[in-house]
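Per-entry structural report
The lines below spell out each chain.
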Amino acid sequence: MRSLLLLLLGSCLHAQSGENVLLVVNRNVPVSRQIADYYRPRRSVPPKNVCTIDTTGDEEIQWGVYEQQIERPIGDCLKRAGLVEKVLYIVTTMGVPLKVDGPGARDLAEHASVDSELALLYGKLKGQRYPRMGGVRNPFFMRRDSAFQHPAFPIYLVTRLAAYDLADVQAMIDRSLEARNRGKFVIDLQSEKDEPGNDWLRTAAMLLPARRVVLDETTRPLYNQTAVIGYASWGSNDDHRTQRLLHFQWLPGAIAAEFVSTSARTFRRPPDSWAPNTDWADKSRYFAGTPQGLVADLIHEGVTGASGNTYEPYLEACVRPDYLLPAYHQGRNLAESYYLSLVYLSWQSVIVGDPLCALKP
């Protein structure tokens with residue numbers, strides 16, 4: 001029965017196309033338009049599915065700017081083009097603001113990523129109201145055997161086409177079109193941590209074909225792996241990690257997830273001499289507010305999709321590799337694989353990549 005469900009699910013997923021995508025462009029940032037112009041024909045996104053907004057190019061904004069210059073215009077685009085139901089995925093481009101600042105701390109904070117907040121727009125267009133404080137439970141979380149569709153799941157899946165520069169984004173898009181189901185899933189635990197994250201990593205390894213898994217439970221971080229299609233680890237939170245880059249050979253379509261609190265805090269490129277570390281006391285080693293690694297490094301090195309966070313999400317709210325990697329391996333597209341792995345929306349997550357990217361046989 002499960003095999004039949006997966007077969008039917010796979011047929012549904014492959015039917016989705018650029019007609020299910022709303023592409024968001026910031027008219028005030030040239031690279032935003034350049035990315036849209038590169039992506040749109042390659043995924044056959046109809047012209048009416050391009051939403052141009054007029055907002056700041058700053059990465060961090062306040063709630064008034066988000067509501068008036070981002071959420072409201074995007075909602076208007078969807079309604080005007082009759083796309084509220086048809087669109088399943090919203091794709092923001094580099095130059096669209098990244099994060100919304102707000103008061104509060106821990107799970108009562110009012111700050112969030114723009115993309116995670118936009119995921120609630122479908123519900124808002126239907127009259128739903130959500131608290132600004134804290135996260136909102138993701139109705140698609142853990143729904144391994146459910147096709148993502150409206151109105152069953154009253155959210156949009158939002159991903160971002162962003163990296164250090166236009167060339168990196170274009171290369172990421174090209175890789176998404178060449179994705180194939182081959183290569184290794186590399187799963188790197190930090191054995192000294194007695195954390196649920198290590199259990200999620202082990203479970204991910206068990207749910208994938210054993211012959212395609214590299215599972216490391218030693219204190220030694222993994223570098224220089226070849227033919228990698230999926231990766232999960234503690235990233236720069238691994239106390240033994242000493243290198244900024246992994247120096248992996250990433251296959252087209254490769255995705256990654258790391259338990260790192262602020263890896264999507266910026267897409268500005270740090271100096272080549274900078275390296276992430278775990279020393280929060282030494283602020284001279286910070287870049288863009290923290291010493292932690294950056295998701296854009298993964299994209300620059302050759303990853304096709306990755307997850308990060310704008311502000312502290314806490315471990316529970318990070319992408320769960322035990323849902324992400326098996327779903328992607330089984331044929332889910334990139335957006336659905338990541339979102340069924342996320343507990344909360346209206347929180348800190350940023351999913352980088354083409355939502356339609358999927359591993360072809």
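Residues numbered from 1 in each chain as written. Predicted model: local features only at pLDDT ≥ 70, side-chain atom pairs only at ≥ 80, totals over all residues. Heavy atoms only, no water.

Digging into the packing of aromatic side chains
Enumeration over the complete set of coordinates arrives at 13 aromatic pairs. Judged by centre distance (5.6 Å) and plane angle (85 degrees), the ring pair of tyrosine 122 and tyrosine 156 falls under edge-to-face. Of this pair, tyrosine 122 sits in helix α5 (residues 121–125) while tyrosine 156 sits in the loop between β7 (136–137) and β8 (157–161), placing them 34 residues apart in sequence. On the basis of relative accessible area, tyrosine 122 is assigned to the buried category, the value being 2%. For the ring pair tyrosine 231 and phenylalanine 248, a centre distance of 5.2 Å and an interplane angle of 85 degrees mean the geometry is edge-to-face. With tyrosine 231 in strand β11 (residues 228–233) and phenylalanine 248 in the loop between β11 and β12 (250–258), this pair connects stretches of sequence that are 17 residues apart. The pair tyrosine 231 / phenylalanine 248 is uniform in exposure class, with both members buried. Among the aromatic residues, those joined into a cluster by ring pairs are Phe140, Phe148 and Phe153. (Phe/Tyr/Trp six-rings, centres within 6.5 Å; stacked < 30°, edge-to-face > 60°. Helix = DSSP H or I, 4+ residues; strand = E, 2+ residues; numbered from the N terminus. Buried < 20%, exposed > 50% of the residue type's maximum accessible area, 1.4 Å probe, protein only.)

What about the pairing of strand β4 (residues 89–93)?
A large share of β4 lies buried, amounting to five of its five residues. Burial along β4 is two-sided: Tyr89, Val91 and Thr93 and Ile90 and Thr92, pointing in opposite directions, are all buried. The pairing of strand β1 (residues 21–26) with β4 spans four bridges and is parallel. Residue pairing in the sheet places valine 24 in a bridge with threonine 92 of β4. Of the pairings in the sheet, the one linking β4 to β8 comprises five bridges and is parallel in character. In the sheet register, threonine 92 faces β8, and the bridge partner there is arginine 160. (Pairing = 2+ DSSP bridges.)

Describing helix α3 (residues 63–80)
Over its 18 residues, α3 runs 24 Å from end to end, which matches the ideal 26 Å to within 8%, given 1.5 Å per residue. Along α3, the largest kink reaches about 30 degrees and is centred on glutamate 71; proline proline 73 follows within four residues of it. When we look at burial in α3, the residues that qualify are Trp63, Tyr66, Ile70, Glu71, Ile74, Gly75, Cys77 and Leu78. Just beyond α3, the residue with positive phi is glycine 82, at close to 65 degrees. (Expected span 1.5 Å × (residues − 1). Bend = angle between axes of the 7 residues up to and from the residue.)

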